[in-house]
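Residues per chain are reported as follows:
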Amino acid sequence: MQNADIARALETIAILLEIRGEEHYRVLAYQRAAESVAAAGTPVAELEDPRSLPNVGGTTARVINDLAQNRTPEILAELAEEIPAGLVELTRLPGVGPRTAGRLWRELGVTRVEEVAALKEGSIAALKGFGKKSEEAILRAARSHTSREQRMLLDEAAAAAERLLEFVRSHPAAGRVEVAGSLRRQKETVGDLNLVAASEDPKALVEAFAAAPFVEEVTSRGATGVSVVCAGGVEAELRVVSPEGFGSLLQHFTGSRAHNAALRERAERRGLSLSEYGLGEAGGGRYEPLRTEEELYARLGLRYIEPELREDRGEIEAAERGELPELVEVRDIRGDLHVHTNYSDGKGTVESMAEAAIELGYEYLVFCDHSQSLRVANGLSPGRLEEKMRAVRRADERYPEIHLLCGAEVDILRDGSLDYEDAVLAELDFVVASVHTAFRMAGGPMTDRIVRAMHNPHVRAIGHPTGRLLNRRDPYAVDVSRLIREAAATNTALELNAYPDRLDLSVPHAREAVRAGVRLTIDTDAHDERALSFMRFGVAQARRAWVERQSVVNCLPWPEFEAYLREGK
DNA sequence: GCCGTTTTCGGCCCGACTGTTTTCAGTCG
């Protein structure tokens, strides 16, 4: 088992313990152990002793060792015996925690989300402590949850794909091997993994893949392709062609469906026919395979279209006119403007985060810890903020390779005022303002609230502007188009938060913002050193939104960024 | 269940919000 799987198992134990009604701190211990495992750089299976990880003691170490060696820990077996597995999924419904899930199970006999969705009106409301509103919220959550399939987040999908790629590439019969599908287009969530490979011996590759150690079930198998379910439930498909046809196959399986349909129509108008096997005379039935995608697009009279743009949102017309955007790239990013430290709820120190940023070649890094009212995140009082600022200044002197700046992610309070006085904000190098409370406000007041924050002269960017959490929480009710207009009017940047479960702004909003002349920041919101690498997911999202480097604040080289800070809004 | 120049026991991150209450439990971040 990999670290991520072990961490997930520990989290499951925590949820089950809480459903059972165990003492909170015992639950917390498993959650913390899960975090440590997830954040560990090396696979825990390779550790001498898991107890070297923070918050892992004797008990959780034994559990981790069991999991690492694919044994079911005693505690998990015991809990699984006692509590139906579906209850864990129930707790993922917004507003339903372990206590509620436990009561629904014990008092109404439901064990799965679908069963909750099917409950008769009034049955939840009849329970002690529940009323009409709670019932409505739970039923709504359950019903929309069932209609939404669970898709992988980009980082999970990328990691899973990397393992598969490695396996296929290491096979002696493998030529070029690439990921296709929505992962190659860097869609914010991914349903299944599509791999395409070039090989003179497709059969050998297909058979090796079907027999791979990570494969749990082969769902279909042919001479040139195979579909499997991997351990952990990830569905994957491998298609193999001869090297001459690799470009055609890669293009076809990269999609999107809409993009390919538009391309086929275009081919048709030119008397051609396009398929996964190549390009042919219309009605001829024979296809000329194409070795590269570039060749394919050229044959259709188009510039090469980056995978992120292939959604039939105007990219084909732009490619025809030679007006495709020059998309921002990871290497254009000069710094990260929103990272946390252990002054608030981060794991890294000022120094360790700075060193990680130097590794990435950044010219600057802005520490934006939480503000005072966000106690759960250990938000900084003005006094502690001052103390941190001194620490950042000292570190800045110690690391000549990088410019270290002290900012804050200041809470936008319910009325749109900010969680620090202006005099405090004025001391900071950079201020990101974000909503972390009262998510259920109506759209009008919520938008007013954020707009008011934008009008503060010290606020340079709005953090994760819609608050959505992919697969978990809808955006709060906010009129993003109005935010964009106000951002343009107040010269406030909007953050494109690169955290894989946020990717907030969404692609359509980011595109709208840039068209309106609003600048974006692409920030990781990193809470540990490793999360700094999430930048690539934020950049990918920006690319899907046709964003060019000049629209991104943190693509500015240091002297220009410094000038941007100095000029103010 | 974890942890320790306050401690091997007694803390541990806790306040806001919501919906349901008449003093609070559960969820969220």
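Criteria and cut-off values
Residues numbered from 1 in each chain as written. Chains lettered and ligands numbered in written order. Predicted model: local features only at pLDDT ≥ 70, side-chain atom pairs only at ≥ 80, totals over all residues. Heavy atoms only, no water. Near = heavy atom within 4 Å. Polar contact = N/O pair within 3.5 Å; in protein donor to acceptor, adjacent residues only side chain to side chain. Helix = DSSP H or I, 4+ residues; strand = E, 2+ residues; numbered from the N terminus. Core = buried A, V, L, I, M, F, W, Y, C linked by side-chain atoms within 4.5 Å. Buried < 20%, exposed > 50% of the residue type's maximum accessible area, 1.4 Å probe, protein only. Domains from an automatic or database assignment. Contact = heavy atoms within 4.5 Å. UniProt positions renumbered as here; feature names shortened; annotations may be inferred. Salt bridge = Lys/Arg side-chain N within 4 Å of Asp/Glu carboxyl O. Pairing = 2+ DSSP bridges. Axes fitted to C-alpha atoms, helices over the stretch in contact; angles between N-to-C directions. Parallel < 35°, antiparallel > 145°, perpendicular 65-115°, else oblique. Nonpolar A, V, L, I, M, F, W, Y, C, P; charged D, E, K, R; others polar. Buried area = accessible area lost by both parts, 1.4 Å probe.

R32, G97, T100, G131 and R473 are the nearest of the 34 residues found near DNA strand B. Near the protein, within 4 Å, the atoms of DNA strand B are sugar or phosphate in 71% of cases. For DNA strand B, a phosphate oxygen lies 2.9 Å from a polar atom in the backbone of N55. Between DNA strand B and K132 there is a distance of 3.2 Å, counted from a phosphate oxygen to a backbone nitrogen or oxygen. Those elements that place two or more of their residues in the surface near DNA strand B are α2 (24-39), α3 (58-68), α6 (98-108) and α8 (132-147). Looking at the surface near DNA strand B, the element that brings in the most residues is α2, giving five residues.

One finds L193, F209, L404, I450, L494 and L520 to be the most contacted residues of the largest nonpolar core, which totals 104 residues. When residues of this core are assigned to their parent elements, the largest contribution, eight residues, is made by helix α9 (residues 154-169). Here this core spans two domains, and each of domain 2 (152-241) and domain 4 (330-567) adds at least three residues to it. Setting aside residues up to four positions removed in sequence, I450 forms contacts with I412, V435, I462, P465, Y476, V478 and L483.

The next thing to look at is unusual backbone geometry. With an omega dihedral of -5 degrees, the bond running from G255 to S256 counts as a cis peptide bond. One can find S256 in the loop between α12 (246-254) and α13 (257-269). In this structure, the amide linkage connecting D504 to the following residue, L505, adopts the cis form with an omega of 20 degrees. Position of L505 among the secondary structure elements: in the loop between β15 (493-497) and α21 (507-515). We note that Q186 has phi near 60 degrees; this positive angle belongs to a residue other than glycine. A positive phi angle, near 65 degrees, is found at W546, a position not held by glycine. Inspection of the secondary structure puts W546 in the loop between α22 (535-544) and α23 (558-567).

To continue, consider the UniProt feature "domain: Polymerase/histidinol phosphatase N-terminal" (unreviewed entry) in chain A. Within this numbering scheme, the UniProt entry marks residues 335-414 as carrying the feature "domain: Polymerase/histidinol phosphatase N-terminal" (unreviewed entry). Across residues 335-414, the secondary structure splits into 34% helix and 26% strand, with the terminal C-alpha atoms separated by 31 Å.

With that settled, consider α22. The buried count for α22 comes to nine of ten residues, which makes it a mostly enclosed element. Among the residues making up α22, those that are buried are M535, F537, G538, V539, A540, Q541, A542, R543 and R544. Looking at the buried positions of α22, the neighbouring elements they touch are α9, β10 (335-339), β15, α21 and β16 (520-523). W546 sits one or two residues past α22 and shows a positive phi near 65 degrees.

Turning to the pattern of salt bridges, a few remarks are in order. Under the counting rule described, the total for this entry stands at 39 salt bridges. Here R20 makes a salt bridge to E22, at a shortest N to O gap of 2.9 Å. With relative accessibility at 21%, the residue E22 sits in the partly exposed group. Between E115 and R112 there is a salt bridge whose closest N-O contact spans 3.4 Å. Salt bridges here are not isolated pairs; linked through shared partners, they connect R20, E22, R26, E78 and E82.

Turning next to the sheet that holds strand β13 (residues 430-434). With parallel pairing, the seven strands of this open sheet are ordered in space as β10-β11-β12-β13-β14-β15-β16. Across the chains shown, the open sheet's two edge strands, defined by having one partner strand only, are β10 and β16. Strand direction decides the pairing type here: strand β12 (residues 403-411) and β13, joined by five bridges, are parallel. In the strand pairing of β13, G407 is matched with F430. Running over the sheet, α22 touches β10, β15 and β16 and is turned about 145 degrees from β16.

Moving on, we get to the packing of helix α1 (residues 3-20) against α2. Close contact between α1 and α2 brings their axes to 8 Å; oriented N to C, the two are set at 170 degrees. The pairing of α1 with α2 is recorded here as roughly antiparallel in orientation. Of the residues in α2, those in contact with N3, I6, A7, L10, E11, I13, A14, L17, E18 and R20 of α1 are H24, R26, V27, Y30, Q31, A33, A34, V37 and A38. For the contact of α1 with α2, a count of residues per class yields twelve nonpolar, three polar and four charged.

So, about the domain arrangement of chain A. A common way to report how large an interface is uses the accessible area buried once the components associate. Its domain assignment divides chain A into domain 1 (3-147), domain 2 (152-241), domain 3 (252-321) and domain 4 (330-567). Spacing between the C-alpha centres of domain 3 and domain 4 amounts to 39 Å. Counting from both sides, the interface comprises eight residues of domain 3 and, opposite them, five residues of domain 4. Roughly 570 Å² of surface becomes buried between domain 3 and domain 4 when both sides are summed, with 50% attributable to carbon and sulfur atoms. Put simply, domain 3 and domain 4 have three salt bridges between them.

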